[in-house]
Amino acid sequence: MKQLTVRGLGDELTRAIRRLANRDGTSLNRAAVKLLRRGVGLEETGSDTVGSSLDHLIGTWSEAEADEFERALRHFERIDRAVWE
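An account of the accompanying structure is given in this report. What you see is a predicted model, and the numbers here were worked out from it, not measured in a lab.

### Here's the deal with the overall build of the chain
What the chain contains, in helices and strands, is 4 helices and 0 strands. Secondary structure elements of the chain, listed N to C terminal, follow the sequence α-α-α-α. For 85 residues, the compact-globule estimate of 2.2 N^0.38 gives 12 Å, and the C-alpha radius of gyration of the chain, at 20 Å, exceeds that figure by more than 25%. For the chain, the spread of C-alpha atoms along the three principal axes comes to 65 × 30 × 20 Å. Looking at the chain as a whole, 5% of its 85 residues qualify as buried. Within the structure as shown, the chain displays about 8400 Å² of accessible surface, and the carbon and sulfur contribution to it stands at 52%. In the chain, which carries 14 positive and 15 negative side-chain charges, the distance between the mean positions of the two groups comes to 12 Å.

And the structure:
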């Protein structure tokens, strides 16, 4: 396997690599390689989702908050037959 030194990543890219490494529980090197492979189209994301701007919220709700959210959305699950006829 070849090695390559990359300079000038900048703070924003460095933070993104660190976030990915922390999220995946992997090394900075593996995270950087993963991002590079994605960037040039050599790795599928494995998901149909677009973007990751809300990823930082994953797992942050308590069980009570999740229950409250579910209760707030329940009325959207009912079908109003008059609207569909």
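### Things to note about helix 2 (residues 28-39)
For helix 2, spanning 12 residues, the distance from its first C-alpha to its last is 16 Å, which sits close to the expected 16 Å at 1.5 Å a residue. With its phi angle positive at about 80°, Gly41 sits one or two positions after the end of helix 2.

### Quick notes on a nonpolar patch on the surface
On the surface, a nonpolar cluster with roughly 370 Å² of combined accessible area is contributed by Leu4, Val6, Leu9 and Leu13. Checked against the element boundaries, Leu4 lands in the segment before helix 1 (10-24).

### A few points about the layout of surface pockets
Any empty space left between atoms is shown by rolling a water-sized probe over those atoms. One number sums up the size of the second largest pocket: a volume of about 510 Å³. Taken together, 13 residues form the lining of the second largest pocket, with Leu4, Asn29, Ala32, Val33 and Leu36 sitting closest to its centre. The greatest single-element share of the lining of the second largest pocket, amounting to 5 residues, is contributed by helix 2. Taken together, the residues that form the lining of the second largest pocket break down as 10 nonpolar, 2 polar and 1 charged.

The rules behind the values
Residues numbered from 1 in each chain as written. Predicted model: local features only at pLDDT ≥ 70, side-chain atom pairs only at ≥ 80, totals over all residues. Heavy atoms only, no water. Helix = DSSP H or I, 4+ residues; strand = E, 2+ residues; numbered from the N terminus. Rg over C-alpha atoms; globule rule 2.2 N^0.38 Å. Buried < 20%, exposed > 50% of the residue type's maximum accessible area, 1.4 Å probe, protein only. Areas by Shrake-Rupley, 256 points an atom, 1.4 Å probe, with all protein chains shown as cover. Lys, Arg positive; Asp, Glu negative; His and termini not counted. Charge placed at Lys NZ, Arg CZ, Asp CG, Glu CD. Expected span 1.5 Å × (residues − 1). Patch = residues over 30% accessible without salt bridge, like charges linked within 9 Å, V, L, I, M, F, W, Y side chains within 5 Å. Salt bridge = Lys/Arg side-chain N within 4 Å of Asp/Glu carboxyl O. 1 Å grid on protein atoms, 1.4 Å probe; cavity = no way out; pocket = protein on both sides within 12 Å on 5 of 7 lines; lining within 4 Å. Points joined across faces, edges and corners; volume = space filled by probe spheres on them. Nonpolar A, V, L, I, M, F, W, Y, C, P; charged D, E, K, R; others polar.

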